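Listed below, chain by chain, are the residues.
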Amino acid sequence: MTDTTTRATMTVWPEAAQLLGIGRNQAYEAVRRGEIPSLKIGGRILVPRRRLMALINGDEEEADQL
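Residues numbered from 1 in each chain as written. Predicted model: local features only at pLDDT ≥ 70, side-chain atom pairs only at ≥ 80, totals over all residues. Heavy atoms only, no water.

Trainee: What's the story with the pattern of salt bridges in this structure? I'm lost.
Mentor: Side chains that differ in charge, positive against negative, can pair when their charged atoms come close. Taken as a whole and assessed by the stated rule, the structure comprises 4 salt bridges. Residues Glu 15 and Arg 7 are paired through a salt bridge, measuring 2.9 Å at the closest nitrogen-oxygen approach. One salt bridge connects Arg 33 with Glu 35, and the closest N-O pair in it is separated by 2.7 Å. Look at Arg 33 and you get partly exposed, because its relative accessible area is 46%. Judged by relative accessible area, Glu 35 falls into the partly exposed class, the value being 44%. (Salt bridge = Lys/Arg side-chain N within 4 Å of Asp/Glu carboxyl O. Buried < 20%, exposed > 50% of the residue type's maximum accessible area, 1.4 Å probe, protein only.)

Trainee: Would you take a moment to explain the nonpolar core for this structure?
Mentor: Listed in full, the 10 residues of the largest apolar core are Met 10, Val 12, Ala 16, Ala 17, Ala 27, Ala 30, Val 31, Ile 36, Val 47 and Leu 52. Elements with a contribution of two residues or more to this core: α1 (12-20) and α2 (24-33). (Core = buried A, V, L, I, M, F, W, Y, C linked by side-chain atoms within 4.5 Å. Helix = DSSP H or I, 4+ residues; strand = E, 2+ residues; numbered from the N terminus.)

These values are about where atoms sit, not about what they do.
Here you go:
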C-alpha cells in the first residue's frame, strides 16, 4: 500500500475533497473553475499536493509558482 502523505499528487475525490471538507461535486466544480490546482494525466485529474497545501495556508503566490 502506498503512503498517501508522500505522494506528490492526490486525487480530487476523495483525498483533496476530504482535506478541504467539501463534497465530490464541489471538488470537481472547483477544479473546473481553477480554484483547486490540478493537472490532467491521461484521463485522470490529479491535484499537486504542494500547490494545494500552499493555497490552504494562504500563500496563493507560492501556489501559483509551484
